[in-house]
2 protein chains.
Amino acid sequence: MKDDAYFMELAIMEAQKSLEEGGLPIGSVLVKDGEVISQGHNRLIQNDSVILHAEMDAIENAGRLNYEDYRKCTLYTTLSPCPMCSGAIILYNIPKVVIGENTTLMGAENFLKINDVEIVVLDDIRCRDLFLKFTCNNSEIWDEELAKVGNTTEVNDGNYCNR
Amino acid sequence: MKDDAYFMELAIMEAQKSLEEGGLPIGSVLVKDGEVISQGHNRLIQNDSVILHAEMDAIENAGRLNYEDYRKCTLYTTLSPCPMCSGAIILYNIPKVVIGENTTLMGAENFLKINDVEIVVLDDIRCRDLFLKFTCNNSEIWDEELAKVGNTTEVNDGNYCNR
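Nothing here was measured: the structure is a model prediction, and the numbers come from that model. (Residues numbered from 1 in each chain as written. Chains lettered and ligands numbered in written order. Predicted model: local features only at pLDDT ≥ 70, side-chain atom pairs only at ≥ 80, totals over all residues. Heavy atoms only, no water.)

On inspection of all chains with the given rule, the structure shows zero disulfides over all chains. A:Cys73 takes part in no disulfide bond, and the closest cysteine sulfur, belonging to A:Cys85, lies 15 Å away. (Disulfide = S-S within 2.5 Å.)

Structure below.
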């Protein structure tokens, strides 16, 4: 059956593909009416792209959808979405996000919640392990990224919207 | 002198370039230490891109900057930035945004403000005229976009962060 576990499996495969390419192991799948319409993964290392996070890559790969189509979508992502990706989800009125894990890095989940986006966190240990495997083996790259986007961790306290 | 008016002029030139390409006339310029480091414009029509808004295009074209570089940047944009672009500004800790106008479409300015991003609105009639010129001549495209991102207008009430 095509349930959350099934689609998260596909997102994890995207993350693994990115890892094999030498990139950040974060994957995403966009699902409409129970069918995958696009997939994506982080392209920071591979394309030197600062905007092609996994979720952005999946949203871009889906092409130009109309409002009704976006409203039928669920976005699956292996890691809690950052403010940019959360903003894209809100911009296009995607109503539901399923997150692999949010313990290694908490994104802008509060921003999603207060904009009526339904959030499901699967606490999938495979997403966490993939991510930690990369950050342990590529601490310089990751330290650079964390220094850059360091305040995303503050979202844990809802600071994106409340400070 | 290279002041806000000077850099907004460059952003308007980017918007005009997009209009000449048949695209949405929204332009952006990223400035670091008083020098332009990248420029961009909306690529929805030209590239069928749903993520390359003007601001995103400029941020992407600047390449991979470090935290200290982003902290020295000001982003100029002819139109108030949407939730996605505002999220990118917050993600990369860009401290200041100069906006051409926000009367035709109000973006996620409240989201920027509560994350300590300084906002300057120039109320530049040229930005408004360029934008209205496009929307009047391309009402179908614009109606489609508005239907998709209709709730951005609600940001006017701070709803992105308060509802």
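Residues and elements named next belong to chain A. Strand order in this open sheet of five strands is S2-S1-S3-S4-S5, and the pairing throughout is mixed. At either margin of the open sheet sits one strand with a lone partner, and together these are strand S2 (35-41) and strand S5 (118-121). The mean angle between the axes of side-by-side strands here comes to 20°, regardless of whether they run parallel or antiparallel. Direction of pairing for strand S3 (residues 73-79) relative to strand S4 (residues 96-101): parallel, over a ladder of five bridges. Considered in S4, the bridge of Tyr76 is made with Val98. Where helix H3 (residues 54-61) meets the sheet, it contacts strand S1 (27-32), S2 and S3, and its direction lies at approximately 135° from that of S2. (Pairing = 2+ DSSP bridges. Helix = DSSP H or I, 4+ residues; strand = E, 2+ residues; numbered from the N terminus. Axes fitted to C-alpha atoms, helices over the stretch in contact; angles between N-to-C directions. Contact = heavy atoms within 4.5 Å.)

Glancing now at the UniProt feature "domain: CMP/dCMP-type deaminase" (unreviewed entry) in chain A. The UniProt record annotates "domain: CMP/dCMP-type deaminase" (unreviewed entry) at residues 2-112 of chain A. A helix fraction of 42% and a strand fraction of 23% characterise residues 2-112 of chain A, whose end C-alpha atoms lie 25 Å from each other. (UniProt positions renumbered as here; feature names shortened; annotations may be inferred.)

So, on to the nonpolar core. One finds A:Met84, A:Ile94, B:Met84 and B:Ile94 to be the most contacted residues of the largest nonpolar core, which totals 72 residues. The contact partners of B:Ile94, leaving out residues within four places of it in the chain, are B:Leu30, B:Ile59, B:Tyr70, B:Cys73, B:Leu75, B:Ile89 and B:Val117. (Core = buried A, V, L, I, M, F, W, Y, C linked by side-chain atoms within 4.5 Å. Buried < 20%, exposed > 50% of the residue type's maximum accessible area, 1.4 Å probe, protein only.)

So, about the sheet that holds strand S4 (residues 96-101) of chain B. Residue and element names in this part refer to chain B. The sheet built from five strands is open, its strands ordered S2-S1-S3-S4-S5 with mixed pairing. Among the strands making up the open sheet, the edge pair consists of strand S2 (35-41) and strand S5 (118-121). Going from strand to strand, the sheet's axes swing by 20° on average, the running direction of each strand aside. Bridge count between strand S1 (residues 27-32) and strand S3 (residues 73-79): five bridges; the pairing is antiparallel. In the strand pairing of S3, Val31 is matched with Thr74. In the packing of helix H7 (residues 125-137) onto the sheet, the strands contacted are S3 and S4, and the crossing angle to S4 comes to about 60°.

The subject of this paragraph is the relation of the copies chain B and chain A. The two copies are related by a screw operation: chain B maps onto chain A through 180° of rotation and 0.0 Å of translation along the axis, at an RMSD of 0.0 Å. Viewed as a symmetry operation, the transformation between the two copies matches a two-fold axis. Looking at the interface residues of chain B, 100% of them are also at the interface in chain A, so both copies use one shared face. (Least-squares fit on C-alpha atoms with pLDDT ≥ 70 in both.)

Turning to the interface of chain B and chain A, a few remarks are in order. Each partner contributes to the interface: chain B provides 40 residues, whereas chain A provides 40 residues. In total, chain B and chain A occlude about 3700 Å² of area from one another, counting both sides; carbon and sulfur atoms represent 58% of this. Its largest share of buried area at the contact with chain A, chain B owes to B:Arg64, B:Leu91 and B:Lys148, together 21% of the area lost on that side. There are two salt bridges connecting chain B and chain A. A salt bridge links B:Arg64 to A:Asp48, with the shortest nitrogen-to-oxygen separation between them at 3.0 Å. The interface formed by chain B and chain A contains 10 residue pairs in polar contact (both at pLDDT 80 or more). At six residues, the largest contribution of residues to the side of chain B that touches chain A is made by helix H5 (residues 83-91) of chain B. Here the side of chain B that touches chain A is built from residues that sort into 23 nonpolar, 10 polar and seven charged. (Buried area = accessible area lost by both parts, 1.4 Å probe. Salt bridge = Lys/Arg side-chain N within 4 Å of Asp/Glu carboxyl O. Polar contact = N/O pair within 3.5 Å; in protein donor to acceptor, adjacent residues only side chain to side chain. Nonpolar A, V, L, I, M, F, W, Y, C, P; charged D, E, K, R; others polar.)

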